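Here is what each chain is made of, one letter per residue.
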There are 2 protein chains.
Amino acid sequence: MINRQMLALGTNRSVIRDLFEYGNQRAKEVGADRIYDFSLGNPSVPSPRAVEDAIRAILTEEDPVAIHGYTSAVGSEATRKAIADDLNRRYGTDYTADEILLTCGAAASLIAVLRALLTKEAPEIITIAPFFPEYRCFVEANGGVLRVIPAQEDDFQIDFNALEAALSEKTAAVLINTPNNPSGAVYSEETLRALSSLLEEKSRAAGQPIYLISDEPYRELVYEGPAPFPAKTYKNTVICYSYSKSLSLPGERIGYVLIPKQADDGAALLGAAAGAARASGYVCAPSLMQKVIARCADVRPDLEEYRKNRDLLYRSLTEIGYRCVYPKGAFYLFVQAPNGDGDRFSELAKEFDLLLVPGASFGCKSYLRISYCVRHEMIQNSLPAFRAAFEKAKQR
Amino acid sequence: MINRQMLALGTNRSVIRDLFEYGNQRAKEVGADRIYDFSLGNPSVPSPRAVEDAIRAILTEEDPVAIHGYTSAVGSEATRKAIADDLNRRYGTDYTADEILLTCGAAASLIAVLRALLTKEAPEIITIAPFFPEYRCFVEANGGVLRVIPAQEDDFQIDFNALEAALSEKTAAVLINTPNNPSGAVYSEETLRALSSLLEEKSRAAGQPIYLISDEPYRELVYEGPAPFPAKTYKNTVICYSYSKSLSLPGERIGYVLIPKQADDGAALLGAAAGAARASGYVCAPSLMQKVIARCADVRPDLEEYRKNRDLLYRSLTEIGYRCVYPKGAFYLFVQAPNGDGDRFSELAKEFDLLLVPGASFGCKSYLRISYCVRHEMIQNSLPAFRAAFEKAKQR
C-alpha cells in the first residue's frame, strides 16, 4: 500500500534531471570536455566572498549553541529585519520583519503560500507560459489545479486576453516569475500595471482578492537595469524569494515569503503560510544560513560571467540562424527549435553531444531552454555543435 | 479566501511554544535567572568540536561552487554511504547508500514517509502515548488519521492488548519513538520482539504489510547502554532520523529516511518518499550540512552534562515526592502531576516561575514533561520551587 501519486512523482524524474543524468553518463564514455551540457540551472559562479567570510565570522563570534539551534518558526528577527531594510532601501517600501517568513528556499516558499491559499472554493492557480515545470507538481500535489496561459511568443510578456478569460471566482492566485525561467524575459512596468488593473477588476467581480504570487529567485539577475518590482504595482502581491541564484546557495535551501501587511487579509495569510510550513515539516529555515543572510542581505551577485556568457551565446546563435527573444535576466536562452519541435530537436542535438532541455514541460513545445550558467569555454567549444545541429535540422 | 486548516495550524501555537514565549516575557519582567524554564527540547550542549572543524575544513578544501550547490534529490552519495557504513558497523546490518534519502530533519523525514504511505484505503497511523504532539499535525495535515494507544503507565512500554485491538486493514503504519519524548523510556528487546510478532501477524491478516515507522532522533541519547534498534527486529521498519539532538544541530534541518531493501516494496516506498519530498518542496537536504555529516557520521554526543542533569533532577524530585518512571534516554522526565492534573499543575507551577509542559498534548493528562537540556545550575536553583509547588498542590 503505497501512495501512487507520490510514487509517480518520485519515479518520473523531470526531463531536466533525465537529460543531466544522460550527460553524466555520456561524459564517462567520451570525456566531460566533449559534452556540452546546457541542462541545469545550477549557478556556475561561487557565492560572493562575503558569504564565506560571514560563515567564518559566525563560527568565531557567535554562541555555539545558538548558531545551530532552533529559531522561531518564522525565522530570526535580525534576519527578517535585515531583509526588510534592504528592500525598503531599494524600493522605497516600508516593510517590517513581521511581514516576512523565512523558508527552506523557493520551493518551500511557494508550497507554503499555495497551501495557505488553496481551498475547495478557489482551487485554481493560473500561471503564464513559459513557466518552471515544478509549478505543476507543487500545485497539483498540494490540492490545487494549475491553469496555464499560452505564451505571448513575440516578447514573452502576458497575453491579457487569454488571462482575462481564465480568471474567475475559482482563481486563488496568479503565479508569475520575472525575470523568467526559461525565457529570460523581464516583465515591463507596463505589463505589471496592466496585470494589476486586471486583477483589481477581477477581484472586485469575484468579491474576493485574487492574489499575485511573485516567484523572484532571479530578481537580482538582470543585465539592463533593475527589474520592475511587482509588489510596488499590485497591493495583493505575495513575494516568494530564494538566495539560490543571487548568492549561489541553491543547495542550502534558504529563502523567504513576504506578505505585505497592506494586502487584504495579509496577516491571516502570513499566519496560514506559517501553518502550511508547519504542516510541511519545515520547522525553521536552516539556522546557520539565517545568520549568513542577516549579514549578507545587501550583497549582490557579480554578474559579469553570466553577462559574458549571454552575450556570446545570443550573438553566436542568432548569427547561425536560431531565433530567440533577447533575454534581459536570469541565465537562460529560450530558442525556437529550428525544426519546429523542441523534443525532436533536443534528440537531434544529442547526436552532437549538445544537451538542451525541450520546451514542452515549460508550456512551449516548439522551444528549447539553454542554461548559460556554465563555463565560458564550454560555450566557445560548443558553437560548432550548435551550427551542425542547426544545419542538420534544416536539411530534414 | 484562506485555507482554514493552515490558518489554524499557524495561529494555534503548540502548548510548548506558548509556555516558552510566556517564559521569555516573564524573564524580561523578573530577570532570566529567576525563571526555571523546562519547556523546550533544544539541546543545551554545543555541537561536538568535530562539527565546527568539519565546516572550516570544507570551506578550505572543497570546491566553492559544490559546497553550496544542489545535490541530487536523495542527497550526496558520500554522505549516504557514510551513514550506511556507520550503521553497519554498529548494528551488523548491510545497508547501502541506495536505501537512504537525506532530508531536511526529523519532521521532513516523517512527512515524506507519511505522504508516501497514506492512502484512502489505509489512512490510519497508530502511535503510542505518550507521543510527540506534532505527530498529530504531521498526520492530519497530510491526509491521515492519527489513532493513539493509551500509555502503559507503569513502564511506558506498549499495551499490546490495546494495540492489537486498534490494528486493522486500515492501518498504514505504527509510529514509535524510542528513546521516547516525553517519557525518556527506551523500548526493550522484549517489547520490540512482541511488537514485531504482532505486526507480522496483523500484516498477514490484512494481506498487506503494516509498516513500523521508527522516529529515532534520540537514538544516541541513552545513559544505560545502547538502545535496541527496531529495524533489527522487524523487517518492515522505516527509520526516520535527525541530527538535531545527537549533534546538537536542531536549527540546521538535517536528517534521513532509511527504508531497507529487504522491506516489502522497499524500493517503491523509498521512491514514493522521494516523491513526497519533491511534493513538499524539500528539493535536497541543506548541502553544507550534508558535507558535515559525510565527515561526522560516526561522531557521538558527549552525554555527561545531560546525565548529570538527569541524575540530579530524578533524585531530587523523587525525594520531594514526585512520581516518575526512571528515564533511560532522551532528555526529558515525565512526572505525574501531584494534584493529578497536568494542566492545573502547570498553571500552579507558574506561580513559582517553574515552566513545565502539561502532558495532555502528549496523550497523558495527569503528567508533565520536564526538559532537562538546561544549565545544571538552573536545576539546582529550581529545586525549592519544585518543592513549594509540590506542597501547594498537596494542600489543595
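Before reading further, recall that the structure is shown in the block above.
Here's what I pulled together on the structure shown here.

Calculation notes
Residues numbered from 1 in each chain as written. Chains lettered and ligands numbered in written order. Predicted model: local features only at pLDDT ≥ 70, side-chain atom pairs only at ≥ 80, totals over all residues. Heavy atoms only, no water. Helix = DSSP H or I, 4+ residues; strand = E, 2+ residues; numbered from the N terminus. Rg over C-alpha atoms; globule rule 2.2 N^0.38 Å. Buried < 20%, exposed > 50% of the residue type's maximum accessible area, 1.4 Å probe, protein only. Pairing = 2+ DSSP bridges. Least-squares fit on C-alpha atoms with pLDDT ≥ 70 in both. Contact = heavy atoms within 4.5 Å. Salt bridge = Lys/Arg side-chain N within 4 Å of Asp/Glu carboxyl O.

**Description of the overall build of chain A**
Thought 1: Along chain A, the regular secondary structure elements total 15 helices and 12 strands.
Thought 2: A compact globule built from 396 residues should have a C-alpha radius of gyration of about 21 Å, and chain A, at 21 Å, falls within 12% of that.
Thought 3: Principal-axis analysis of the C-alpha atoms places the extent of chain A at approximately 60 × 55 × 55 Å.
Thought 4: Among the 396 residues that make up chain A, the fraction classed as buried is 62%.

**Looking at the pairing of strand β12 (residues 367-371) of chain A**
Residue and element names in this part refer to chain A.
Thought 1: Of all 5 residues in β12, 5 are buried; the element is thus mostly enclosed.
Thought 2: Along β12, one buried face is formed by Tyr367, Arg369 and Ser371 and the opposite face, lined by Leu368 and Ile370, is buried too.
Thought 3: Alignment of strand β9 (residues 332-336) against β12, held across 5 bridges, turns out to be antiparallel. Counted as the bridge partner of Tyr332 is Ser371 from β12.
Thought 4: Strand direction decides the pairing type here: strand β11 (residues 357-358) and β12, joined by 2 bridges, are antiparallel. Note that in β12 the partner of Pro358 across the bridge is Leu368.

**Thoughts on the relation of the copies chain B and chain A**
Thought 1: Of the transformation placing chain B onto chain A, the axial shift is 0.0 Å and the rotation is 180°, giving an RMSD of 0.0 Å. Expressed as a symmetry operation, the mapping of one chain copy onto the other fits a two-fold axis. For chain B, the residue whose C-alpha comes nearest the rotation axis is Ser280(B), separated from it by 3.0 Å.
Thought 2: Here 100% of the contact residues of chain B are again contact residues in chain A; the copies associate through an equivalent surface.

**Some thoughts on the pattern of salt bridges**
Thought 1: Evaluated as defined, the whole model comprises 50 salt bridges over all chains.
Thought 2: Here Arg49(A) makes a salt bridge to Asp53(A), at a shortest N to O gap of 3.1 Å. In this pair, Arg49(A) and Asp53(A) both sit in helix α3 (residues 49-61), 4 residues apart, roughly one turn of the helix.
Thought 3: Taking relative accessible area as the criterion, Asp53(A) reaches 37% and is therefore assigned partly exposed.
Thought 4: Here Glu29(B) makes a salt bridge to Arg26(B), at a shortest N to O gap of 3.3 Å. Note that Glu29(B) and Arg26(B) are positioned in helix α2 (residues 15-30) at a spacing of 3 residues, about one turn of the helix.
Thought 5: Through salt bridges that share partners, Asp86(A), Arg90(A), Glu216(A), Arg219(A), Glu220(A) and Arg300(A) make up one connected network.

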